[in-house]
Amino acid sequence: MSHFYPTNISLSELHLSGIPGLQHLHHWISIPFCIMYLITLAGNSTLLCVIKADPSLHLPMFLFLSMLAVIDLVMSTSITPKMLSIFWFRSTAISLDACLTQMYFVHAFSVMESGLLVAMAFDRYVAICNPLRYLSILTSPVVAAIGLATLIRAVAFMSPLTFQIRRLPLCSPAVVDHSYCEHMAVLKLACRNNAFSNTYSLSVSTYVGSFDSLLITLSYTLILRAVLSLCSTQARKKALSTCSSHLCIMALFYIPGLLSMYMESYHQELPPHVQVLLANIYLLIPPAFNPLIYGIRTKQIRDGALRVI
């Protein structure tokens, strides 16, 4: 693999290895990655256009959905083009500043998406369990405050981590065994003790993952309890189908990312390419499926799309 990385690597430049151990399959791996990225771009852009063009969709549920679409577009675009350039052209070089910027966007927007999934679960809880007060509870200022709170939380959590890594001296060869600048993978290049960054990252990820998933589980438990009390069998089936699809896509977001981080942090005996693929799953699959699960399956979105067309 010596032809992948020049020998004159400067400390201001890093090299991404792609999928470690599977470099010979990069061209084949790029096909599903590229398809998922195109679906992400098309699905989320279409969703934003439909919601913006149809005034009847300017409701809290669809405002949250618009925020989710923007987050998914930014999160996918921050890693996929560079990843595909590695797979197709072996363009492994990335400046340290660009690497840290990519890392910041990926992890900050992941925290934002997690917070927004909580907000959307709460939105569904209010809509199903307290429908008469839905618009009086989730007013436009409240929706804007929730969106701002998710942004502030992400910035507050990720800024110290990025600044700390920026101050760490990096050792050559500056090769990141990953397809993007994932925090744990970059941290391995540090020449001195990185215990603080490692502990801080694990603490933040554990807090965000466990606290947010607990709130989501609580919301959907209350929703399911309300749904099961419905008299109509058809209504119960429809609600259960919607809740199960939401929970599945949330599981794809939380489980692979946390598994990858813990395995890399605690040096579990797992092939490197499996860890990298797990880290890619939670950044590539949910943004591609969110427009389908939350958008196309929703009758108001389908009707709004027909009106726009």
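Everything numeric in this text was worked out from a predicted model, so none of it was measured.

The subject of this paragraph is the UniProt feature "transmembrane region" (unreviewed entry) in the protein chain. UniProt's entry tags residues 28-50, 62-84, 104-122, 134-156, 207-228, 240-262 and 274-294 with the feature "transmembrane region" (unreviewed entry), counted in the numbering of this structure. When the span residues 104-122 is considered, its composition is 100% helix and 0% strand, and the gap between its end C-alpha atoms is 27 Å.

A separate point is the state of the cysteines. Scanning the entire structure with this criterion turns up 1 disulfide. Between the sulfur atoms of Cys99 and its disulfide partner Cys181 the distance amounts to 2.0 Å. Of note, the bridge from Cys99 to Cys181 carries an S-S torsion of about -125° and is left-handed in sense. Linking Cys99 in helix H3 (residues 96-129) with Cys181 in the loop between strand E3 (175-176) and helix H6 (183-187), this pair joins segments that are 82 residues apart in sequence. Just as Cys99 is buried, Cys181 falls in that class too.

Contact geometry of helix H1 (residues 26-53) with helix H10 (residues 299-308) gives a least axis separation of 9 Å together with a crossing angle of 75°. In terms of axis orientation, H1 runs roughly perpendicular to H10. Across the interface between the two elements, Leu47, Val50, Ile51 and Ala53 of H1 pack against Ile301, Gly304, Ala305 and Val308 of H10. Here the residues of the contact of H1 with H10 are counted per class, giving 7 nonpolar, 1 polar and no charged.

Let's shift gears to the pairing of strand E1 (residues 13-16). Summarising the sheet, E1 and strand E2 (residues 93-95) pair through 3 bridges and their orientation is antiparallel. The residue bridging Glu13 from the neighbouring strand is Ser95, located in E2. Judged from the 2 bridges that link them, E1 and E3 form a sheet pairing that is parallel. When the bridges of E3 are listed, Leu16 appears paired with Val176.

A few words now on the pattern of salt bridges. Enumeration according to the criterion identifies 4 salt bridges in this entry. Between Arg307 and Asp54 there is a salt bridge whose closest N-O contact spans 2.7 Å. Residue Arg307 is located in helix H10, and its partner Asp54 is located in the loop between H1 and helix H2 (60-89); the two are separated by 253 residues in the primary sequence. For Arg307, a relative accessible area of 52% gives the class exposed. In this structure, Arg124 engages Asp123 in a salt bridge whose closest nitrogen and oxygen atoms are separated by 2.8 Å. Here Asp123 falls in the buried class, since its relative accessible area comes to 2%.

So, about the nonpolar core. In this structure, Leu14 and Leu65 are the most contacted members of the largest nonpolar core, which totals 83 residues. Examining the composition of this core, we find that 17 residues originate from one element, H3, more than from any other. Residue contacts for Leu65: discarding those within four places in its chain leaves Leu47, Ile51, Met120, Tyr294, Gly295 and Ile301.

Conventions we followed
Residues numbered from 1 in each chain as written. Predicted model: local features only at pLDDT ≥ 70, side-chain atom pairs only at ≥ 80, totals over all residues. Heavy atoms only, no water. UniProt positions renumbered as here; feature names shortened; annotations may be inferred. Helix = DSSP H or I, 4+ residues; strand = E, 2+ residues; numbered from the N terminus. Disulfide = S-S within 2.5 Å. Buried < 20%, exposed > 50% of the residue type's maximum accessible area, 1.4 Å probe, protein only. Axes fitted to C-alpha atoms, helices over the stretch in contact; angles between N-to-C directions. Parallel < 35°, antiparallel > 145°, perpendicular 65-115°, else oblique. Contact = heavy atoms within 4.5 Å. Nonpolar A, V, L, I, M, F, W, Y, C, P; charged D, E, K, R; others polar. Pairing = 2+ DSSP bridges. Salt bridge = Lys/Arg side-chain N within 4 Å of Asp/Glu carboxyl O. Core = buried A, V, L, I, M, F, W, Y, C linked by side-chain atoms within 4.5 Å.

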